[in-house]
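Examining the three-dimensional arrangement
Residues per chain are reported as follows:
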Amino acid sequence: MIKTIILIGGPMKGTRFRPLSLELPKPLFPVAGYPIIYHHIEACSKVPHMKEVILIGFYQPNDALNKFISNVQQEFKIQVRYLQEYTALGTAGGLYHFRDQILAGNPDSFFVMNSDVCGDFPLKEMLSFTVQKGGGSHCTVLGTEATRQQSLNYGCIVENKQSHEILHYVEKPETYISTTINCGVYLFSPDIFSTLEKIFKKNQEDNYNYKAGNGWFTGCDPNTQMKETIRLEQDIFVPMAGSGKLYVYQTDRFWSQIKTSGAAIYANRHYLALYQNWHKERLAKNGELKPQIIGDVYIHPTADVHPTAVLGPNVSVGKHATIGEGARVRESIVLEGAVLQDHCCVLYSVIGWNVTIGQWTRVEGTPNDPNPNKPFAKVDVKDTFSPEGKLNPSITVIGSNVQVPSEVILLNAMVLPDKSLGGSCKNQIIL
Ligand code: GDD
Ligand code: GTP
């Protein structure tokens, strides 16, 4: 029997995803029509003997999360539960804290997945790879190739090319180590808990007189840890490398982090493309009295799109959204309840919940795609502002309940929720 743990973090995380993460937990943000972690759970549901998915995080239980859990349980006929950490325990602290629940029923092994990644997750392949390596006591990390420069933003892996054993692991190194990076998806055998226990006890001893919260809350040195915090990467993988128990399974399928709204547009495009293989029924089709569809487009069945509108490529339209006559939408996510009035044009943007875009208005962002001329390039996580204090061009994001008037232009803008815009704006954050 197999289980999966998804690390969903908490309200202090996902700051680069604002203002969208102000409304609902980032892991529930819809990409290609479904919440980010819905795609994780769907991938898990295809693994034979997958009995349970446990979400671990430090969000207060909330309606959105409860509703999501009951929906996915029904749809995938798999048990899904949320376990709340009393504080941020780090990427492995929660695993250790909830070890009894994870080990209940004696799983043979379990996956751990970061929630802020997306991809065509090769879970079955990771399982067979691990069996090939002799099963038993193991930990397999999903790896992928990045550019030299971008690798510095990830966990970097040096492997034995023949055996795929991890010889050396460095989390976000300062100088180049390797272009093989950690994808934030792992397969563990249950005896990882003995290692976690050792680290837990050592942390207790080392930090016995440290009381305050950890770096996220206090702004103090993030290397100063709370006694209960365990970091999977630094505390477990670094010492485990070279011990013969840590392996990397490398994938060349689609994979990306989702740290920013620009990355959500990128993930949207790739999940829509995957629907071509697995879920053709989710993609909108052209037809009489239907809007013109270009490329991959997802339209929620309750959305109302005028037959003269043109959508695509790479657009998803949420529940009860309305798109008027002659509107044009491309490379964008339109969220639940948004209204795009007649003849407006929306390009490279995220239109928030219940936003209204006036007639003949143009909303446009700048794509934040990986450099197409560099093999293995990933989405860059750019700072919001340039060193000169200017807003870096990025996709346009409009927070919920914003009213955008008719006949204006919004270019590379970020609009916080509940604003009423007076006119056009370019390269601005509207607070
Ligand atoms: N439950 C819980 N508790 N989850 C957490 C906590 C915590 O205290 N801290 C982080 N997480 C979750 C986040 O929600 C996210 O899904 C995941 O753990 C990793 O988050 P970060 O700590 O922000 O790490 P990162 O994304 O910068 O880097 C990690 O992922 C990369 C791949 O995307 C590392 O594992 C890198 O090595 C890796 O390359
Ligand atoms: P590239 O050649 O890929 O750069 O795109 P493009 O020249 O087709 O133009 P752009 O990316 O600016 O626009 C994408 C689509 O939106 C095009 O098919 C345009 O016809 C359409 N479009 C652009 N501006 C407007 C507008 O103001 N209103 C409407 N209704 N459609 C527009």
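Residues numbered from 1 in each chain as written. Chains lettered and ligands numbered in written order. Predicted model: local features only at pLDDT ≥ 70, side-chain atom pairs only at ≥ 80, totals over all residues.

Moving on to the sheet that holds strand β29 (residues 409-411). Read from one edge to the other, the open sheet built from 7 strands follows the order β14-β17-β20-β23-β26-β29-β31, with strand pairing classed as parallel. Each end of this open sheet is capped by a strand with a single partner; those strands are β14 (292-293) and β31 (425-426). The pairing of β29 with β31 spans 2 bridges and is parallel. Across the sheet, Leu 411 pairs through a bridge with Lys 426, a residue of β31. (Pairing = 2+ DSSP bridges. Helix = DSSP H or I, 4+ residues; strand = E, 2+ residues; numbered from the N terminus.)

Below, the discussion takes up unusual backbone geometry. Of note, the bond from Arg 18 into Pro 19 is cis; its omega dihedral lies within 30 degrees of zero at 5 degrees. With respect to the secondary-structure elements, Pro 19 resides in the loop between β1 (2-9) and β2 (30-31). A cis geometry characterises the amide bond from Gly 312 onward to Pro 313, with omega recorded as 0 degrees. Looking at where Pro 313 falls in the secondary structure, it is placed in the loop between β17 (310-311) and β18 (315-317). At His 320, a position not held by glycine, the phi torsion is positive, near 55 degrees. Tracing the chain through its elements places His 320 in the loop between β18 and β19 (322-323).

Turning next to the site of ligand 2. Every residue lining ligand 2 is accounted for by Gly 326, Arg 328, Arg 330, His 343, Cys 345, Leu 347 and Arg 362. Within the shell around ligand 2, the residues separate by chemical class into 2 nonpolar, 2 polar and 3 charged. (Near = placed C-beta within 6 Å. Nonpolar A, V, L, I, M, F, W, Y, C, P; charged D, E, K, R; others polar.)

Pairing is parallel across the open sheet formed by 7 strands, whose spatial order is β15-β18-β21-β24-β27-β30-β32. Both outer strands of the open sheet, β15 (297-299) and β32 (429-430), are each paired with one neighbouring strand and no more. The sheet contact formed by β18 and strand β21 (residues 332-334) spans 3 bridges and is parallel. Following the sheet pairing, Val 315 is matched in β21 by Ser 332. Relative to the sheet, helix α10 (residues 261-278) contacts β15, β18, β21, β24 (349-351) and β27 (396-398), its axis offset from that of β21 by approximately 95 degrees. (Contact = placed C-beta atoms within 7 Å. Axes fitted to C-alpha atoms, helices over the stretch in contact; angles between N-to-C directions.)

The next subject is the UniProt feature "domain: Mannose-1-phosphate guanyltransferase C-terminal" (unreviewed entry) in the chain. Here, UniProt's "domain: Mannose-1-phosphate guanyltransferase C-terminal" (unreviewed entry) annotation points to residues 293-430. For residues 293-430, helix accounts for 0% and strand for 33%, while the C-alpha atoms at its two ends are 32 Å apart. (UniProt positions renumbered as here; feature names shortened; annotations may be inferred.)

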